[in-house]
Amino acid sequence: MASTKEQARKMVQTYLDEVEWGDDEFIRREEQKTRKERKQLPEGCLNSALYRDVMRIAWPSLVELLLASLASMVDMMMVGAMGPVIGDEAIAAVSLAAQPKFIFVSLIIALNAGLTAAVARARGAGDHDLANDTLRQGLLVSMMVCVFGSLVGYLAADPLIRFMANNGLSEQVIGMGVSYLKIQMAGFLTVGLSSTYTAALRGTGNSKIPMWYNIIANALNVAGNYALINGHWGCPALGVVGASLATVLGQAVATVIAVWATGCGKYYFHVRLSDFFHDFKVDSSIMGRIVKVGLPSLGEQFIMRLGIILFTRQVTALGNPAYTTHQICMNIQSLTFMLGQAMAVSSTTLVGQSLGKRRPDMAEHYSRRCSQVGILISIGLGLFFAVFGKYIVSLYSETAAVINASVPIMILLGLMQPIQTPQFILSGSLRGAGDTKSTAIITLVGVLILRPIIASFTIPAIGLMGAWLAIAADQIGRTCLVTYLYGRGKWKRIAL
């Protein structure tokens, strides 16, 4: 009878497991190949096998991310349904609180970038024990970051929201935003831990378990919104406070399921919370691998959040109606990001595992196929948003000015889809290789330099549409940069 460890390994089988290991000589031969030669698959390798691996990891991630984005959309729609005026103010308040929250979430995202890459390398190298130890070290850092972030975010909620408002929003909007943010930060540990477990599971290639516990979390979030925003099922009507409480509840349940999944030994990992109380030690070697990738990723996330905050302040200065329109369109845009991010999960995992097995050729083959699938789907997605964008916006707000202002923005959003998707996927490939420095540079140029500078000219000239032209320029610039840096191929030689 197969051991528990062997059963766990079988949960994440890919075609890569059948491929021979590479060595120094193999890698040297690969580096001497021309670009045309590198496109040729190894003898006996079928395209269908690679696409099957790509989609096996990507589709659960796509479902998970889409449902998370849809849950966020439903959040906005439900608070928007509080009334024609109060609803628009509630949308502005929830959106206002999102940016400070993401400052702290970015710390966890940075850690998770390093964790996924390190786990994927261990999985590719066939080192099951190292993968378990890597998750333990990642959880330790995550707990410390979450406690720190929770305290700081809660205590600084009021000045953070007022800074974001930039004197362009009412006191009622600011008050609701502060209440929403405080609850989010009080429950920040659940967000951090569940995302850390998700990052580790994705590193092994197992994206189904995160999909299921995040589906449950989102379903509870929506049910909680219904019960607590306007008061149903005997619950009090708490408005945006109820929406925030519902989000934290859903994440708490997801965390409990993730703890069980990684502790039971059935899904590759066998890491229990009790491990931290029995001879657990900080492993500087493993921690170093996580930090090596995570630190540049932290810089990237910080740059991203700083740039978006500066940009958001430029938009809030236009006043509440324009800001509400902007945030509705941004919320819809987050849905379009899900395709690229899902394919990036697949690319990150398979590139990391391929390099762990010393097969840079397979890493490149997997990355290329992730990009092909992503671009094809993004074209159809772009057409959908360009044609039906007005009707989607009307689900958020009944205000005619908001709906009419969104029409050209949604057309531009549709045109951006085939441009922005390769950026996500190739960035995912670089992160899987451990090259988070390149992605940090790309984010710096696009979000912190290009977008705010262009917006400073276009927003005063043409208002809200100018903000979205700046976003489009940022996306085009980042796609060009990531394509260039990926094409240089230095990521194949990064050691963790």
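These numbers come from a predicted model, not from an experiment. Within any chain, residue numbers begin from 1 and follow the written order of that chain's sequence. Per-residue local features of the predicted model are confined to residues with pLDDT of at least 70, and side-chain atom pairs are confined, for both listing and counting, to 80 or more; whole-chain, interface and lining totals are unaffected and use all residues. Neither water nor hydrogens contribute to the side-chain values; these are computed over all heavy atoms in the structure.

(A) Structural detail: the confidence of the model for the protein chain. Overall, the predicted model of the protein chain reaches an average pLDDT of 84, with 94% of residues at or above 70. For every residue, the predictor reports its confidence as pLDDT, a number between 0 and 100. Only runs of H or I of at least four residues qualify as helices and only runs of E of at least two qualify as strands under DSSP, and these elements are numbered from the N terminus. Per-element mean pLDDT across the protein chain ranges from 51 in helix α1 (residues 4-10) up to 92 in helix α17 (residues 464-488).

(B) Molecular detail of a nonpolar patch on the surface. Patches here: salt-bridge-free residues with over 30% relative accessible area, like charges joined within 9 Å, nonpolar side chains (Val, Leu, Ile, Met, Phe, Trp, Tyr) joined within 5 Å. We get accessible surface area from the Shrake-Rupley algorithm with a probe of 1.4 Å; when it comes to residues, only the shown protein chains can shield them. By definition here, a salt bridge exists when the distance from a side-chain nitrogen of Lys or Arg to a carboxyl oxygen of Asp or Glu is within 4 Å. A grouping of Ile441, Leu444, Val445, Ile449, Ile453 and Phe457 is seen on the molecular surface, where their side chains present a nonpolar patch of about 530 Å² in accessible area. Topologically, phenylalanine 457 is positioned in helix α16 (residues 436-462). On the accessibility criterion, phenylalanine 457 (62% relative accessible area) is exposed. A simple rule labels every residue: compare its accessible area, found with a 1.4 Å probe on the protein chains alone, to the largest value its type can have, and call it buried under 20%, exposed over 50%, or partly exposed in between.

(C) Highlighting the environment of alanine 200. Mapped onto the elements, alanine 200 comes out in helix α9 (residues 188-204). Taking the C-alpha atoms as reference points, alanine 200 and alanine 97, separated by 103 residues in sequence, lie 28 Å from one another. Those residues in contact with alanine 200, other than ones at most four positions away along the chain, are Leu115, Val119, Leu135 and Phe269. A contact between two residues is defined here by any heavy atoms of the two lying within 4.5 Å.

(D) Quick peek at unusual backbone geometry. Despite not being glycine, tyrosine 268 has its phi angle at roughly 70°, a positive value. Relative to the helices and strands, tyrosine 268 is located in the loop between α11 (240-263) and α12 (284-316). Even without being a glycine, arginine 358 presents a positive backbone phi close to 60°. Positionally, arginine 358 belongs in the loop between α13 (320-356) and α14 (360-393).

(E) Representation of the pattern of salt bridges. Overall, the coordinates contain 14 salt bridges when judged by the stated rule. The shortest N-O distance in the salt bridge between aspartate 17 and arginine 123 comes to 3.0 Å. Note that aspartate 17 is positioned in the loop between α1 and α2 (24-31) and arginine 123 in helix α5 (residues 86-124), a separation of 106 residues in sequence. Using a relative accessible area of 29% as the deciding quantity, one classes aspartate 17 as partly exposed. Relative accessible area serves as the criterion here: at 8%, arginine 123 is assigned to the buried category. Aspartate 158 is the partner of arginine 162 in a salt bridge, and the nearest nitrogen-oxygen pair spans 3.2 Å. In this pair, arginine 162 and aspartate 158 both sit in helix α7 (residues 157-165), 4 residues apart, roughly one turn of the helix. Residue classification places aspartate 158 among the partly exposed residues on the basis of a relative accessible area of 33%. When salt bridges with common partners are traced through the structure, they connect Arg38, Glu364, Arg368 and Lys492 into a single cluster.

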